[in-house]
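One-letter residues, chain by chain:
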Amino acid sequence: MTTNSGSNDIFIDRLPKAELHLHLEGSLEPEMTFRIAERNRLPLPYSNAESLRSAYDFSNLQDFLDLYYQGAGVLQTEEDFFDLTQAYFARIHLDCVRHAEVFFDPQTHTERGLPFRIAIEGILAGMKAAELAYGITSHLIMCFLRHMDEEAAFKTLKLAEPWLDKIIGVGLDSSEVGHPPEKFARVFRACQERGLRKVAHAGEEGPPSYVSQALDILGVDRIDHGNRSMEDSKLVTRLSRSSITLTVCPLSNLKLRVIGDMQNHPIGRMLEKGLRATVNSDDPAYFGGYINANYKAIANAGVVDRKGLLTLARNSFLGSFLSDEMVLTHLDAIDAYECACEK
Ligand code: HPA
Ligand code: ZN
């Protein structure tokens, strides 16, 4: 097989992979926004899906978050959350995703008066239906909004109590700069005591010290994004030695101007330094592509080669919260795929 962009695309299309950084609310496509708004008799400040999509031009994370929270406002019923979840899994089935660990932001919904159970019950039903329909396994991660205070995160943890056996872990997202991980030290400790896994967005716009804080103070298992870790060589060595997974999101980075152009995306350098980087879509409805589009963006920009693509797919299972046995099964499938492609 040659390695021009067309054959890279086919190679990526059929490569088994996991997705570890996906905000379900960020998979709300404009067409679905309109469908759900109509069903719920809600007015929208756009005339159609195309005009909403054309508003997706961001200068930074906050620009995006403003529209993301506005969009999530159409979600009102369990059925809405079910449809959203179902549509995401139907789409990633086409991208050869075998397992997904997905985020939701309960405070985005409880803050506007929706009961906690509406979002989570709709999402869990969608995840179950997707496993039946496509064989894609999944875990749910509940994120705390970091622009809110720690007390609000504690209240959310309390609301989640009846569902804690259905949530694999907690995360930290929303506006990063000015809201360091240390702000959530106590609530993350409470989550650890409840046996939850922990992840946090860090080093997307915030400095490398936020990545260190997420590791040292929150005790996270993974770092979401982590791009700015590359500015601190001691941190890079630490991440590499401890095999901490970074859930990197190339198209998100481009859209939110975390990078200037794809040719300079750090993911190739991350792999060279031995970091356990993975590829993810973050908020695909807003950033112009699902997971395979993200793999293709870095491959076609010359940032990673075929060997790098295989490493990234292997890392996606190694960094997951799947059992060791399931990880090995998925790694075997990648080995078999590699062999078949070499023939
Ligand atoms: N960063 C921070 N918060 C978010 C993101 C992101 O990329 N997407 C949804 N919430
Ligand atoms: Zn994210």
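For the structure itself, look to the data block above.
First things first, this report covers the structure right here in the doc. (Residues numbered from 1 in each chain as written. Chains lettered and ligands numbered in written order. Predicted model: local features only at pLDDT ≥ 70, side-chain atom pairs only at ≥ 80, totals over all residues. Heavy atoms only, no water.)

**Topic: the coordination of the zinc ion (ligand 2)**
Put simply, a metal with four donors set out as a tetrahedron has ideal angles of 109.5 degrees, and one with six donors set out as an octahedron has ideal angles of 90 or 180 degrees. All of the protein donors around the zinc ion (ligand 2) are His21 (NE2), His23 (NE2), His201 (NE2) and Asp282 (OD); their distances to the metal are 2.0 to 2.2 Å. Mapping the donors of the zinc ion (ligand 2) onto the primary sequence yields the spacing H-x1-H-x177-H-x80-D. One end of the pair, histidine 201, is in strand β5 (residues 197–202); the other, aspartate 282, is in the loop between β8 (276–279) and α14 (284–287), with 81 residues separating them in the sequence. With respect to class, histidine 201 is no different from aspartate 282; both count as buried. (Donors = N, O, S within 2.8 Å, 3.2 Å for Na, K, Ca; no water. Helix = DSSP H or I, 4+ residues; strand = E, 2+ residues; numbered from the N terminus. Buried < 20%, exposed > 50% of the residue type's maximum accessible area, 1.4 Å probe, protein only.)

**Digging into the side chain of aspartate 283**
Mapping aspartate 283 onto the fold places it in the loop between β8 and α14. In this structure, aspartate 283 is buried with no salt-bridge partner, the nearest side chain bearing the opposite charge being lysine 255 at 12 Å. When neighbours within four sequence positions are excluded, aspartate 283 is seen to be in contact with His23, Gly26, Phe64 and Tyr68. (Lys, Arg positive; Asp, Glu negative; His and termini not counted. Salt bridge = Lys/Arg side-chain N within 4 Å of Asp/Glu carboxyl O. Contact = heavy atoms within 4.5 Å.)

**Here we look at the nonpolar core**
Ranked by size, the top nonpolar core spans 94 residues in total, and within it Phe144 and Ile267 carry the most contacts. If you tally residues by element for this core, the top one is helix α7 (residues 116–134), at eight residues. Those residues in contact with phenylalanine 144 that lie beyond four places of it in its chain are Gln107, Ala153, Thr156, Leu157, Val170, Gly171, Leu172, Asp173, Val187, Phe188 and Cys191. Listed in part, the 18 residues of the second largest apolar core include Leu52, Tyr56, Leu145 and Ala152. (Core = buried A, V, L, I, M, F, W, Y, C linked by side-chain atoms within 4.5 Å.)

**Looking at the site of ligand 1**
Residues in close proximity to ligand 1 include His23, Leu61, Phe64, Leu65, Tyr68, Asp173, Ser174, His201, Glu204, His225, Asp282 and Asp283, which together make up its full environment. For ligand 1, an oxygen atom lies 2.7 Å from a polar atom in the side chain of aspartate 282. Within the side chain of aspartate 283, an N or O atom sits 2.7 Å from a nitrogen atom of ligand 1. When isolated, ligand 1 has an accessible area of 260 Å², and the protein chains bury 100% of it. Here the shell around ligand 1 is built from residues that sort into four nonpolar, four polar and four charged. (Near = heavy atom within 4 Å. Polar contact = N/O pair within 3.5 Å; in protein donor to acceptor, adjacent residues only side chain to side chain. Areas by Shrake-Rupley, 256 points an atom, 1.4 Å probe, with all protein chains shown as cover. Nonpolar A, V, L, I, M, F, W, Y, C, P; charged D, E, K, R; others polar.)

**Quick notes on the packing of aromatic side chains**
A complete count under the given rule lists 14 aromatic pairs for this structure. Ring centres 4.6 Å apart and planes at 35 degrees place the aromatic pair tyrosine 56 and tyrosine 286 in the tilted group. Of this pair, tyrosine 56 sits in the loop between α3 (49–53) and α4 (61–72) while tyrosine 286 sits in helix α14, placing them 230 residues apart in sequence. By relative accessible area, tyrosine 56 is classed as buried at 6%. Ring geometry for phenylalanine 104 versus phenylalanine 116: centroids 6.3 Å apart, planes at 65 degrees, classification edge-to-face. On the criterion of sequence distance, the pair formed by phenylalanine 104 in strand β2 (residues 97–104) and phenylalanine 116 in helix α7 is long-range, its members being twelve residues apart. Chaining the aromatic ring pairs together yields one cluster made of Tyr56, Phe58, Phe64, Tyr68, Tyr69, Tyr286 and Phe287. In this arrangement the basic side chain of arginine 222 is found over the ring face of phenylalanine 321, its NZ or CZ atom lying 4.2 Å from the centre. (Phe/Tyr/Trp six-rings, centres within 6.5 Å; stacked < 30°, edge-to-face > 60°. Lys NZ or Arg CZ within 6 Å of the ring centre and 35° of its normal.)

**A word on the sheet that holds β8**
Read across the open sheet, the eight strands follow the order β1-β2-β3-β4-β5-β6-β7-β8; overall the sheet is parallel. Each having just a single partner strand, β1 (17–23) and β8 make up the two edges of the open sheet. With strand direction ignored, the average angle separating the axes of adjacent strands in the sheet is 25 degrees. Relative to strand β6 (residues 222–225), β5 is paired through four bridges, and the arrangement is parallel. Bridging from a neighbouring strand, alanine 200 pairs with isoleucine 223 of β6. The strands touched by helix α9 (residues 185–193) within the sheet are β3 (137–145), β4 (169–173) and β5, with β4 carrying the most contacts at an inclination of about 160 degrees. (Pairing = 2+ DSSP bridges. Axes fitted to C-alpha atoms, helices over the stretch in contact; angles between N-to-C directions.)

**Some points on α4**
With twelve residues, α4 ought to run about 16 Å at 1.5 Å a step, and its terminal C-alpha atoms sit 16 Å apart, in line with that. Among all positions in α4, only Leu61, Phe64, Leu65, Leu67, Tyr68, Tyr69, Gly71 and Ala72 are buried. In this structure, the buried residues of α4 make contact with β1, α6 (106–110), β3 and α14. Among the residues of α4, the N-terminal cap falls to asparagine 60, whose side-chain oxygen and the backbone nitrogen of glutamine 62 are separated by 3.2 Å. (Expected span 1.5 Å × (residues − 1).)

**Overview of the packing of helix α10 (residues 208–216) against helix α11 (residues 233–241)**
With their axes 10 Å apart at the nearest point, α10 and α11 run at an angle of 35 degrees to one another. For α10 against α11, the interelement crossing comes out left-handed. When α10 is examined against α11, the residues Pro208, Val211, Ser212, Leu215 and Asp216 are found in contact with a partner set consisting of Leu235, Arg238 and Leu239. Of the residues assigned to the contact of α10 with α11, the class counts are five nonpolar, one polar and two charged. (Left-handed = near helix turned anticlockwise from the far one by under 90°.)

**What about the packing of helix α1 (residues 5–14) against helix α16 (residues 306–318)?**
Where α1 meets α16, the axes come as close as 11 Å, and the angle between the chain directions of the two elements is 20 degrees. Our classification of the angle between α1 and α16 gives roughly parallel. Between α1 and α16 lies a crossing of right-handed hand. Here Ser7, Asn8, Phe11 and Ile12 of α1 lie close against α16, whose contacting residues are Arg306, Leu309 and Leu310. Per-class residue counts for the contact of α1 with α16 are four nonpolar, two polar and one charged. (Parallel < 35°, antiparallel > 145°, perpendicular 65-115°, else oblique.)

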